Amino acid sequence: MVIMTQWVYGFGGGSADGDASMKNLLGGKGANLAEMSSLGLPVPPGFTITTEACVHYYAQGETYPADLAEQVAAGLQKVEGITGKRFGDPANPLLVSVRSGARASMPGMMDTVLNLGLNDQTVEGLAALSGDRRFAFDSYRRFITMYSNVVLGLGHDLFEEVLDDHKDRLGVTVDTDLSAGDWEKVVGDYKAVVERELGEGFPQDPNDQLWGAVGAVFASWMNDRAKFYRRMHDIPESWGTAVNVQSMVFGNMGQTSATGVAFTRNPSTGEARLYGEFLINAQGEDVVAGIRTPQSLTRAGREEMGETAPSMEEAMPEVFGQFVEVVGRLESHYRDMQDIEFTVEQGRLWMLQTRNGKRTAKSALKIAVDLAAEGVISQEEAVSRVEPAALDQLLHPTLDPKAPRNVVTTGLPASPGAATGKIVFDADEAERMSQLGDAVILVRTETSPEDIHGMHAARGIVTARGGMTSHAAVVARGMGRPCVSGAGDIQIDDKARTFTVKGRTFKAGDIITIDGSKGEVIDGAVPMIEPELTGDFQTLMGWADGIRRLKVRANAETPTDAKTARGFGAEGVGLCRTEHMFFDDTRIAAVREMILADDEAGRRAALAKIAPFQKADFVELFQIMAGLPVTIRLLDPPLHEFIPHTEAEMDALAASQGLDAAKLKRRAADLHETNPMLGHRGCRLGVAYPEIYEMQVRAIIEAALEVKAKSGQAPIPEIMHPLVALGGEMNFLRALTDRTAQAVFADTGDQVDYMVGTMIELPRAALRAADLAQSAEFFSFGTNDLTQTTFGISRDDSGRFLQAYLDKGIFETDPFVRLDRDGVGDLIRIAAERGRAARPGIKLGICGEHGGDPSSIAFCESVGLDYVSCSPYRVPIARLAAAQAALAARTGKEREKDR
Ligand code: PEP
Ligand code: MG
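Residues numbered from 1 in each chain as written. Chains lettered and ligands numbered in written order. Predicted model: local features only at pLDDT ≥ 70, side-chain atom pairs only at ≥ 80, totals over all residues. Heavy atoms only, no water.

This next bit is on the sheet that holds strand β2 (residues 15-16). Taken in spatial order, the six strands of this open sheet run β2-β1-β3-β8-β6-β7, and their pairing is antiparallel. The sheet is open, and its two borders are formed by β2 and β7 (112-116), each paired with just one other strand. The pairing of strand β1 (residues 8-12) with β2 spans two bridges and is classified as antiparallel. Note that in β2 the partner of F11 across the bridge is A16. (Pairing = 2+ DSSP bridges. Helix = DSSP H or I, 4+ residues; strand = E, 2+ residues; numbered from the N terminus.)

For the rest of this paragraph, the subject is the nonpolar core. Within the largest apolar cluster, 129 residues are counted, with the highest numbers of intra-cluster contacts made by L540 and I701. The greatest single-element share of this core, amounting to 11 residues, is contributed by helix α27 (residues 690-711). Among the domains, domain 2 (258-359) and domain 4 (548-638 + 673-891) are the pair contributing at least three residues each to this core. (Core = buried A, V, L, I, M, F, W, Y, C linked by side-chain atoms within 4.5 Å. Buried < 20%, exposed > 50% of the residue type's maximum accessible area, 1.4 Å probe, protein only. Domains from an automatic or database assignment.)

This brings us to the environment of G686. In this fold, G686 is placed in helix α26 (residues 683-688). Given a relative accessible area of 0%, G686 falls into the buried group. Setting aside anything within four residues of it in sequence, one finds G686 in contact with Y693, F732 and L736. (Contact = heavy atoms within 4.5 Å.)

Working reference: metal with six octahedral donors, ideal angles 90 or 180 degrees; metal with four tetrahedral donors, ideal angle 109.5 degrees. Around the magnesium ion (ligand 2), the protein contributes the donor atoms E761 (OE) and D785 (OD), at 2.0 Å from the metal centre. Placement of E761 in the loop between β31 (755-760) and α29 (763-767) and of D785 in helix α31 (residues 783-791) is noted, with a sequence separation of 24 residues between them. Summarising the burial analysis for this pair, E761 and D785 share the class buried. (Donors = N, O, S within 2.8 Å, 3.2 Å for Na, K, Ca; no water.)

With that settled, consider the side chain of T498. Looking at where T498 falls in the secondary structure, it is placed in strand β22 (residues 498-501). Excluding anything up to four places from it in sequence, T498 contacts F425, Q491, I492, D493, T505, F506 and K507.

Here the domain parsing of the protein yields domain 1 (8-247), domain 2 (258-359), domain 3 (397-529) and domain 4 (548-638 + 673-891). Placing the centre of domain 2 and that of domain 4 at their C-alpha centroids yields a distance of 53 Å.

As a packed pair, α27 and helix α28 (residues 727-748) sit with axes 9 Å apart at the nearest point and diverge in direction by 45°. Our classification of the angle between α27 and α28 gives oblique. Crossing of α27 against α28: the hand is right-handed. Facing α27, whose interface residues are P690, Y693, E694, V697, R698, I701, E702 and L705, α28 presents F732, L733, L736, T737, R739, T740, A741, A743, V744, F745, D747 and T748. Across the contact of α27 with α28, the residue classes break down as 12 nonpolar, three polar and five charged. (Axes fitted to C-alpha atoms, helices over the stretch in contact; angles between N-to-C directions. Parallel < 35°, antiparallel > 145°, perpendicular 65-115°, else oblique. Left-handed = near helix turned anticlockwise from the far one by under 90°. Nonpolar A, V, L, I, M, F, W, Y, C, P; charged D, E, K, R; others polar.)

Below, the structure written as structure tokens:
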């Protein structure tokens, strides 16, 4: 017997072929429609074409599986059975929506067609059945516009022009003023537009329409905005999208019909109260597209927003009551905040979608902590619910409440946070300017999916139109960009690149500030203040700390960074790059003197000048990190980095410092290297000029002794040698370090414990870890250099070709951001194993940029490193990611994204 693949899964009428666990196959939307049907909720019947069919489509040169047509026909027949309507039947037509639905939700990125199945005959049937000719032709014209746009590739503007002409002719301004006869004429003209543009008529056969729409949804998986979104959210291209074909219900059948969206809790603040918007006599797109300004769902919501139009609670109390009950059931069932789409057709409620709602970091924290407090989920589950990277939103400054604000207008507080930047009016411009280093605020009448690259590039977004669930609001929240939406007083002149508000005109390039938590647009820049990390943040982080095994340290050398890191919960310093201390104005002169010295005696004389500064730096660092380990790395970069590069700069330096210009230039020429990253740097400096490392070791030990004497608590210095490749190097460096420390102990008559270790930044170091472990008491994986040296790709120049690799799918992600588990990861695993075998209990950490990347942290957990170290602002992210990695290790299940 041939086992056929099931490409089509039906739902509706109180049962379904699939369920919520089948997201990978049915997409999120399809799986949840199936689940809701099985729960007995009112779901318009339909079927889902699987993601596997999409994968097949792309693998087989954009062709459908052979038996798909047959399965779709059977699916359609079932829907006909449940609804009692027939697809294409002029007397009693079944109309359907065709929507995308990937495994991970990608709001607004792919295509949708509504009212499919309408043609010149069925529109008459719809008119007769509904007893509302106006509604039937309004639906038909919507269908023609959408289908022509999504499937036939015709611009919306072609149809808008026609509609505007009709409105002008009739002397009306809003769509609702058009009569049945008017819409009939509009439909006639729309069809003429299609005929004129494409040389053939608008497709009349509902089956052709259906396959056209299915093909368009599959194709939209590969459109630019979907690709961009996937890259931003790490969604693999190989997943494909499902297609949901569902019988239509109509929110535009008059005053007892409506459509809306709801969140079971507030997606901005997390407040545990139903939250949402709806529109009477409208279809779904009207809410999301921001074409009409929607009304609040609840009376409380309306009162809070100061709206006059009645809420759903007031306008449709009976259906509202039913709705509240259904959404309550959904939240308990899914045990998470739900984002719901619904329609009321002539007083009857229909559920169109439910999914775990997107939310801001603040809201995510509150909801997770509240659900745990309500006993709905465990603390572990709460910890696993919050996306670590999203915490970033909370760790950045907000506007100083005491600073004066010249508020020019207000809109809706669509996405929290504050931002200051130059005004730009278009997405490409936003991207261009931000690449040049400008902070920009994107100001648009409304945003569409075409704008997302610009929204990503901008620090904040303002729109003149649209509600809390408009495209701008939803996308900005997802990206963590502050957003003020529906600032209705703003009038944008895209051509002049200005906007006018209350008589004032702002030009592109003018500075504004927005407060997305209050919905304010403010003239000029406003001072910001540091965030306070209390309340839910502290609670959840406390739970995370109780779960994680990995310690989290910070990469920090300045007192400010070290204090920030400690405030964020760092458990020590994992990397203090001492060269950063050399660049300081007060010491760079002595550093240059050392470089220019003719012999060891000259170098020692210059180093003696630097020593007190180094010691003072370390004293401060040890004090801030009292009781915690501090890893100090000895000088790493090639010496030429400390002297100017151009002749003119060298002349200027020589003149200002009283140096010999010719000597300076000669020394610069001597130091020149073709490949400085593979040159005279790292411990090779310490081998060639041991006096440099001796000075640094002495400063570290002296500082430790001083802090011990002052505070009674000895710091725990970990002295780290960079770019070691050979056992011989490590033995030499270890001897140098110990000899110097012993000399200090002899001089001072006191002692401290210290450790000596190495970075693992070279493939040879990883492979010969056993040799290094003879002298090294710890390893810290410098995965920036290790990635560079493993791939042979320059960490400084890879930008030039990396994009091509990403575009072609050769790299899924930038290996300098997310650890390459296969190659670099293998080396880390080997080094850890061989290091441990040679020195049981050897301490292992990571201090490359990957130490703050959640997916890379999951890898570190899997190899059993002792700690990760990252930049101060990423410490909370790393704490949470480490807890999630520990939970995943316990359950044996890694997050899909981390695989
Ligand atoms: C590394 O190479 O990963 C590292 C932490 O050192 P640096 O970035 O200073 O080269
Ligand atoms: Mg390095």
